[in-house]
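# Structure assessment
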Amino acid sequence: MTASIHGSGAQQQPLTEEKAFQLGVDAYIYGYPLLVMDSFRRVTTNVAVPQGTLAPMGQFAHHRSFPDASDRTIAGASVDTLYSLAWLDLSRGPYVLHLPDVNNRFYMMAILDGWTEVIGNPGTRTTGGKAGDYAITGPQWTGVLPDEVEQIKSGTNMVWLIGRTYSSGTARDYDAVHAIQDQYTLVPLSIFGDPNPTLDEGVVDPNIDMTIPPRDQIDNLDAAEFFTRLGLLLKNNLPTPQDAPMVEILNRLGLVGDFDMSKLPTSVAQGLSRVPETAHKEIMGQYARQKQANGWIISTGSGHYGTDYLQRALVAYVGVGGNLPADAFYPIARFDGDGRALNGASSYAMRLTKADGPPIHPQGFWSLTMYDNEYFLVANSINRYSLSSRDKFQENPDGSTGLYIQNEFPGADKQANWLPAPDGEFILMLRLYWPTDEAVDGTWVPPPVRRMD
């Protein structure tokens, strides 16, 4: 079921500029993830046939190698897994996803609706990595599926599939992962079972900006552009029943359907025009509301949000497509263990003992990735963007491992443990794929990053 987005609030008192501003901030935060999602969709599907990391609607774009610092499409990009990404428009009917047996390799195929809610996630943790077929159906579909196909229901017509398949990054392992990726298939339900299905070519829109990162395109919109786009997207991506109070706000502001800011009362238009800057500050302020320990921001609030719209917006900003914590858990450090901002002007160390290393399932893995202050990878002399459980570290005599995080080369004896930093501020993200319960429930927290100078 969905909430109506028509008519409510029509008899209420006219809005003052200040009230329109306050309600507009709430509406912006609510709609932000939907617009970021759609911006990614527009950019990454703007091709006629699959090429590189782009593919038309309804087809997979398989990333065949890890991204590097020149790739500024996805904020918070991973260098542990090869992505297989696909976008669906379920207003055209359901799609059937086929996943092969991955032979004990870690993978996950998160399926997100337009509001960034994880609505399904076949993969090693959840389905044991076995082969299966999954029909992804939209809010209006009422048909019958073949017996062997499992249904995954979406409340929105826009759906994003984010496949992640673990790779060690070697040429040989890339080949093995490519063979798996080539077995991930999507076809409309109407031609499921056809041995030679014909997929439609995509439509290229020359007006879509392919140079500015998708998230930044949304952040650069003024209020009129933002709310006009939100009104259009709400037509195919309806709110849920739990969003009813927010729907009242949307209706009261006229932010539904064919929104035209020029037709609003002057006071309302002036109030809304002030919204983007303040809304961004609130989204970024959500950082401070996360659990923090040892300088790390430790949040388990991703994948399912309920009505926590501010948390949902923060995750969309940091890296849209956040997973359920049981699948992947992402502590973030912007400060060292003493509360000072991380900066390449200083050198840091992070000490992992056998007892306090990242707790993961035997088939899971962990990594520590370096980002600039906008969550993009950092160029460096050795093209190393992360350290991870797949690396062979130099251990200390007591069995602990020191990870060295700095801009300058630390010396040959520490090179294996060196994560290069930029010369300015930076952000660290610790990924735990398939973490144990002690990581998710907060019993374990990452050790602090300590300044060494």
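For the structure, see preceding data.
Below is a short write-up of the structure. Given the structure is predicted, the values throughout are model-derived calculations rather than measurements.

What counts as what
Residues numbered from 1 in each chain as written. Predicted model: local features only at pLDDT ≥ 70, side-chain atom pairs only at ≥ 80, totals over all residues. Heavy atoms only, no water. Pairing = 2+ DSSP bridges. Helix = DSSP H or I, 4+ residues; strand = E, 2+ residues; numbered from the N terminus. Axes fitted to C-alpha atoms, helices over the stretch in contact; angles between N-to-C directions. Salt bridge = Lys/Arg side-chain N within 4 Å of Asp/Glu carboxyl O. Buried < 20%, exposed > 50% of the residue type's maximum accessible area, 1.4 Å probe, protein only. Core = buried A, V, L, I, M, F, W, Y, C linked by side-chain atoms within 4.5 Å. Contact = heavy atoms within 4.5 Å. Arc of directions from axis to C-beta. Polar contact = N/O pair within 3.5 Å; in protein donor to acceptor, adjacent residues only side chain to side chain. Parallel < 35°, antiparallel > 145°, perpendicular 65-115°, else oblique. Left-handed = near helix turned anticlockwise from the far one by under 90°. Nonpolar A, V, L, I, M, F, W, Y, C, P; charged D, E, K, R; others polar.

## Notes on the sheet that holds strand S6 (residues 132–137)
Read across the sheet, four strands follow the order S7-S6-S3-S9 without closing on themselves; strand pairing throughout is mixed. Bordering the open sheet on either side are strand S7 (149–153) and strand S9 (185–188), each of which pairs with just one other strand. Neighbour-to-neighbour, the strand axes of the sheet open up by a mean angle of 25°, direction not taken into account. For strand S3 (residues 95–99) and S6, the ladder comprises five bridges, and the chain directions are antiparallel. In the sheet register, Leu-97 faces S6, and the bridge partner there is Tyr-134.

## Comments concerning the pattern of salt bridges
Under the counting rule described, the total for this entry stands at 20 salt bridges. With a closest N to O distance of 3.3 Å, Asp-338 and Arg-340 form a salt bridge. A relative accessible area of 33% places Arg-340 in the partly exposed class. What you see here is one network of salt bridges that share partners, running through Asp-336, Asp-338, Arg-340 and Arg-450.

## Considerations on the nonpolar core
Grouped together as the largest cluster of nonpolar side chains are 84 residues, with contacts concentrated most on Tyr-32, Phe-227, Leu-250, Leu-253 and Leu-272. Looking at this core, the element that brings in the most residues is helix H1 (residues 17–44), giving 14 residues. Residues in contact with Leu-253, not counting those within four places in the same chain, are Leu-15, Ala-20, Leu-23, Gly-24, Ala-27, Phe-259, Leu-264 and Leu-272. In terms of nonpolar packing, the next biggest core, distinct from the first, is built from 25 residues, Trp-296, Leu-352, Leu-387 and Phe-426 among them.

## Observations concerning helix H9 (residues 309–319)
Within H9, 10 of the 11 residues are buried, which leaves the element mostly enclosed by the surrounding structure. Residues Tyr-309, Leu-310, Gln-311, Arg-312, Ala-313, Leu-314, Val-315, Ala-316, Tyr-317 and Val-318 constitute the buried set of H9. The inward-facing, buried residues of H9 abut H1, helix H4 (214–219), helix H6 (244–253), helix H8 (275–285), strand S13 (332–333) and strand S19 (426–435). Taken from the residues just after H9, Gly-321 is the one with a positive phi, measuring 105°.

## Concerning helix H3 (residues 171–181)
Among all positions of H3, only Asp-173, Tyr-174, Val-177, His-178, Ile-180 and Gln-181 are buried. The buried residues of H3 occupy one face: seen down the axis, they fall within an arc of 155°. Seen from the open side of H3, the exposed residues pointing more than 90 degrees away from its buried face are Ala-171, Arg-172 and Asp-175.

## A closer look at the side chain of Thr-124
With respect to the secondary-structure elements, Thr-124 resides in helix H2 (residues 124–127). Its relative accessible area of 5% is what places Thr-124 among the buried residues. Here the side chain of Thr-124 touches Tyr-107 through a polar contact of 2.9 Å, landing on its backbone nitrogen. In contact with Thr-124, other than residues within four places in its own chain, are Val-102, Arg-105, Phe-106, Tyr-107, Gly-129, Gln-363 and Trp-434.

## Focus: the packing of H1 against H9
Two elements in contact, H1 and H9, have axes whose closest approach is 8 Å; the angle formed by their N-to-C orientations is 30°. With respect to H9, the axis of H1 lies roughly parallel. Where H1 crosses over H9, the handedness of that crossing is left-handed. Contacts between H1 and H9 pair Ile-29, Tyr-30, Tyr-32, Pro-33 and Val-36 from the former with Tyr-309, Leu-310, Arg-312, Ala-313, Ala-316 and Tyr-317 from the latter. In terms of residue class, the contact of H1 with H9 is made up of 10 nonpolar, no polar and one charged.

## Section: the environment of Ile-298
Structurally, Ile-298 is set in strand S11 (residues 296–298). Once residues lying within four places of it in the same chain are set aside, the contact partners of Ile-298 are Lys-291, Ala-293, Phe-329, Pro-331, Val-445 and Pro-446.

## Observations regarding unusual backbone geometry
It is generally the case that most residues other than glycine have a negative phi and that most peptide bonds are trans. If you check the backbone angles, Thr-116 has positive phi at about 75° while not being a glycine. Position of Thr-116 relative to the elements: it lies in the loop between strand S4 (107–113) and strand S5 (118–120). You can call Thr-116 buried: its relative accessible area is 4%. Located in the positive-phi region is Tyr-375, a residue other than glycine, with phi close to 70°. Topologically, Tyr-375 is positioned in the loop between strand S15 (360–372) and strand S16 (386–388).

## Thoughts on the side chain of Asn-46
As for its position among the elements, Asn-46 is in the loop between H1 and strand S1 (61–62). According to the relative accessible area criterion, Asn-46 is buried, its value standing at 8%. There is a polar contact of 2.6 Å between the side chain of Asn-46 and the backbone nitrogen of Asp-205. Setting aside anything within four residues of it in sequence, one finds Asn-46 in contact with Val-203, Val-204, Asp-205, Ile-208 and Met-210.

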